[in-house]
Amino acid sequence: HGMNSYHHSSQPQQNIQYSSSNNKSWYSGPLGTLYEIMMLFFLIGLVYNCIFGKTHNDKYAIAWYNANKEYFEERYERIGLEKSEIEEIPKENVIQDSIIIKETPFFYKIICTNYRYIKWTLTALEFHRRFDATSILTSLFFNDKDKLVYQVAFNPVEPLGWVFCVCRKRDAKGLRSSYQDIEFFTKEYQPSVMSDRMCLLSENVEVFMELFNNKTLFPYYKEVEPYLEVIYFTDQNSFCKEQFAVFFSFDINLTINGNAQQSKFLDISHFEDNMNAFKEGFA
């Protein structure tokens, strides 16, 4: 047969086909649905924050101020900043018809000075974010709350050293690791006046209990205890430049209006006032 004559063994060709059913994208399943929901929340939150977010908490800050305005005016020599100090603050940080300073859309503060032995009181309203995708998702797993915080600096009658902290039991370890004076000077106690979720870190439990022998302070404490996060007093310059200072923090929803809420705000203010009054003599 010639050189170009050769035999090929015929073999059937295999056609390879790719099935789309075996290569589904992740966004076509449950994860894709969750992703779309997240993006929808993010879009709604973005639009809301752009339109209303910067002023949303103003009305709640003013409601708190109105509930406490008379209380502050009856006690403190000066409420708010001096006129010259306010003029240096951008207009968007000053809320009309109030003396509250708005540092961010989520953080408001007011300072009052000169009341009995108190040098100054700084009150801060810390609103947690409510209308963005991150806050909506985290709220499903964490119980974020607004915070009402007081920092008080004063001149005690007799400047004797003392450190104590009233806090939630689950926070005690973290506070010890964060503040050396609490770790070094205090022991943990469970006074009978406190609920099971709270504890006392103090140098002397008997001295602290003298505060609660007063018939005025104890009822206020029981009213505010459900919202109480921490009370921290020190003479060690731990959280501010003043030697004698006390820190109060309360977890409370600041976005609820009404007479009942205003009553809660006043209970907290009266408790803080009575606590300072008795503490001045013991410090």
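Higher on the page you've got the structure.
Note that this is a predicted model, so its numbers are computed, not measured. (Residues numbered from 1 in each chain as written. Predicted model: local features only at pLDDT ≥ 70, side-chain atom pairs only at ≥ 80, totals over all residues. Heavy atoms only, no water.)

Chemist: Run through the pattern of salt bridges, naming residues and quoting values.
Modeler: Tallying each qualifying case throughout the model produces 12 salt bridges. Here lysine 102 ties to aspartate 58 by a salt bridge, and the two come within 3.1 Å at their closest N and O atoms. Placement of lysine 102 in strand β2 (residues 101-104) and of aspartate 58 in helix α2 (residues 58-75) is noted, with a sequence separation of 44 residues between them. For the pair lysine 102 and aspartate 58, one class covers both residues: buried. With a shortest N-O distance of 3.1 Å, lysine 222 and glutamate 225 are connected by a salt bridge. Given the relative accessible area of 6%, glutamate 225 is considered buried. Three or more residues are tied together by salt bridges with common partners; here these are Lys147, Arg168, Asp171, Glu229 and Asp251. (Salt bridge = Lys/Arg side-chain N within 4 Å of Asp/Glu carboxyl O. Helix = DSSP H or I, 4+ residues; strand = E, 2+ residues; numbered from the N terminus. Buried < 20%, exposed > 50% of the residue type's maximum accessible area, 1.4 Å probe, protein only.)

Chemist: Explain α2 to me, using residue names and the numbers behind them.
Modeler: For α2, spanning 18 residues, the distance from its first C-alpha to its last is 25 Å, which sits close to the expected 26 Å at 1.5 Å a residue. The largest bend along α2 reaches roughly 50° and is located at asparagine 68. Among the residues of α2, those classed as buried are Asp58, Tyr60, Ala61, Ala63, Trp64, Tyr65, Ala67, Asn68, Tyr71 and Phe72. (Expected span 1.5 Å × (residues − 1). Bend = angle between axes of the 7 residues up to and from the residue.)

Chemist: Describe the pairing of strand β10 (residues 245-251), naming the residues involved and giving the relevant values.
Modeler: Here β10 lies mainly inside the structure; six of its seven residues are buried. Relative to β10, strand β5 (residues 147-154) runs antiparallel, the two sharing seven bridges. In the sheet register, valine 152 faces β10, and the bridge partner there is valine 246. Here strand β9 (residues 228-234) runs beside β10; their pairing, made up of six bridges, is antiparallel. Residue pairing in the sheet places leucine 228 in a bridge with phenylalanine 250 of β10. (Pairing = 2+ DSSP bridges.)

Chemist: Can you lay out helix α8 (residues 217-224) for me, pointing to particular residues and giving the numbers?
Modeler: Taken residue by residue, α8 has Leu217, Tyr221 and Val224 as its buried positions. Buried residues of α8, viewed axially, fall in a sector of 75°; they line one side. (Arc of directions from axis to C-beta.)

Chemist: With reference to specific residues and values, describe the pairing of strand β4 (residues 118-126).
Modeler: Inspection of the sheet shows strand β3 (residues 107-115) paired to β4 by eight bridges, in the antiparallel sense. In the sheet register, phenylalanine 107 faces β4, and the bridge partner there is glutamate 126. Remark: two residues form the turn of the hairpin made by β3 and β4, two consecutive strands paired antiparallel; arginine 116 in that turn has positive phi of roughly 50°. Bridge count between β4 and β5: eight bridges; the pairing is antiparallel. Bridge assignment links alanine 124 to a residue of β5, and that residue is valine 149.

As far as function goes, none of this settles anything; it's purely spatial.
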